[in-house]
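For reference, the chains in residue letters:
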Amino acid sequence: TLFRRFGDVQRVDMKKGFAFVFMYNDDDSRDAIKDLNNSKFDGARLRVEFAKGSGATKRREVERAEAVKSAPTRTLFMVNFDEYR
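A. Representation of the overall build of the chain in the model. From N to C terminus, the chain includes 2 helices and 6 strands. Helices and strands appear in the chain in the N-to-C order β-β-α-β-β-β-α-β. Residue burial in the chain is summarised as follows: out of 85 residues, 33% are buried. Taking all contacts inside the chain whose residues are at least 6 apart in sequence as the whole, residues at least 24 apart take part in 65%.

B. Focus on helix 1 (residues 26-36). Buried residues of helix 1: Asp28, Ser29, Ala32, Ile33 and Leu36, and no others. The buried side chains of helix 1 occupy one side of the element, clustering within an arc of 140° when seen end-on. Exposed residues on helix 1 whose side chains face more than 90 degrees from its buried face are Asp27 and Lys34. A side-chain oxygen of the first residue of helix 1 lies 2.8 Å from the backbone nitrogen of aspartate 27; this N-cap is asparagine 25.

C. Just the pairing of strand 2 (residues 18-23), in detail. Relative to strand 2, strand 1 (residues 9-14) is paired through 5 bridges, and the arrangement is antiparallel. Residue pairing in the sheet places valine 12 in a bridge with valine 21 of strand 2. The turn linking strand 1 back onto strand 2 is made up of 3 residues, and glycine 17 within it adopts a positive phi angle of 90°.

D. Structural detail: the nonpolar core. Judged by nonpolar contacts, Phe3, Phe6, Val9, Val21, Met23, Ala32, Ile33, Leu36, Leu46 and Val48 together constitute the single largest core of 10 residues. If you list the elements that add at least two residues to this core, you get strand 2 and helix 1. When residues of this core are assigned to their parent elements, the largest contribution, 3 residues, is made by helix 1.

E. Just the pattern of salt bridges, in detail. A complete count under the given rule lists 4 salt bridges for this structure. Between aspartate 35 and arginine 5 there is a salt bridge whose closest N-O contact spans 3.1 Å. Taken together, the positions of aspartate 35 in helix 1 and arginine 5 in the segment before strand 1 put the pair 30 residues apart, joining distant regions of the chain. Salt-bridge contacts for aspartate 26 lead to arginine 30; the nearest nitrogen and oxygen are separated by 3.4 Å. Highlighted residues: aspartate 26 and arginine 30, both in helix 1, separated by 4 residues, approximately one helical turn.

F. Summary view of the packing of aromatic side chains. What the rule picks out here adds up to 1 aromatic pair. Ring plane angle 85° and centroid distance 5.8 Å describe the contact between phenylalanine 18 and phenylalanine 20, whose orientation is recorded as edge-to-face. Across from the ring centre of phenylalanine 22, 3.7 Å away, lies the NZ or CZ of arginine 11, which sits over that ring.

Criteria and thresholds
Residues numbered from 1 in each chain as written. Predicted model: local features only at pLDDT ≥ 70, side-chain atom pairs only at ≥ 80, totals over all residues. Heavy atoms only, no water. Helix = DSSP H or I, 4+ residues; strand = E, 2+ residues; numbered from the N terminus. Buried < 20%, exposed > 50% of the residue type's maximum accessible area, 1.4 Å probe, protein only. Contact = heavy atoms within 4.5 Å. Arc of directions from axis to C-beta. Polar contact = N/O pair within 3.5 Å; in protein donor to acceptor, adjacent residues only side chain to side chain. Pairing = 2+ DSSP bridges. Core = buried A, V, L, I, M, F, W, Y, C linked by side-chain atoms within 4.5 Å. Salt bridge = Lys/Arg side-chain N within 4 Å of Asp/Glu carboxyl O. Phe/Tyr/Trp six-rings, centres within 6.5 Å; stacked < 30°, edge-to-face > 60°. Lys NZ or Arg CZ within 6 Å of the ring centre and 35° of its normal.

As structure tokens, this is what we get:
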């Protein structure tokens, strides 16, 4: 993915027009945000930031991570990303 040059990526959840990127390392997440936020990708300007969510969202994320025994430290949210472009 676009994020692998910054460090290990646990998974990417693609949605229409945006994505959630689950990274293992906090510093790698910050580096990705610093480098990719407001950059151009395939003609679109990206917005990359730490994901914001309700307590229920965070709780589901933690439960899912514990189920696989490899919890990521940070989740990134990326807007204006379309895997079909």
